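Per-entry structural report
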Amino acid sequence: SENGDYIRLRNVQLGYAFPETLTKKIHLRSLRVYANAVNVFVLTNYSGLDPDISAGNGVFTLGRDSFSYPPTRSFNFGIQMGL
């Protein structure tokens, strides 16, 4: 067995709503831009794909997660406009 300790940043969202004084100048009621990231990073010494997978008793066993995949990482960007 091996140590499965880890630190994970799972979800981050940043957004900015433009002030009304600016949005009125471009004939919008509101304007917001945002970015979202899911499964950003994992810090671990675990040799497997994902330290979240365990034998069920808190003991991590090498090879236990050999048929699984780590969570996918995704990035999203968007614009919200009020007309």
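Throughout, residues of each chain are indexed from 1 in the direction in which the sequence is written. At least 70 in pLDDT is required for a residue's local features to be given in this predicted model, at least 80 for side-chain atom pairs to be given and counted, and no such filter applies to totals for whole chains, interfaces and linings, which use all residues. The side-chain figures draw on all heavy atoms in the structure; neither hydrogens nor water molecules are used.

Moving on, we come to the pairing of strand β2 (residues 30-44). Pairing geometry for strand β1 (residues 6-17) and β2, over eleven bridges, is antiparallel. From the neighbouring strand, Leu-9 faces β2, where its bridge partner is Phe-41. In this analysis, strands are considered paired if DSSP registers two or more bridges between them. Strands are runs of DSSP state E lasting at least two residues, helices are runs of H or I lasting at least four, and both sets are numbered from the N terminus onward. Here nine bridges tie β2 to strand β3 (residues 74-82), and the two strands are oriented antiparallel to one another. Residue pairing across strands places Tyr-34 opposite Gly-78, the latter belonging to β3.

Time to look at the environment of Phe-75. When you line up the elements, Phe-75 lands in strand β3. Along the primary structure Phe-75 and Asn-11 are separated by 64 residues, whereas in three dimensions their C-alpha atoms are 10.0 Å apart. Residue contacts for Phe-75: discarding those within four places in its chain leaves Asn-36 and Ala-37. Should any heavy atoms of two residues lie within 4.5 Å, those residues are considered in contact.

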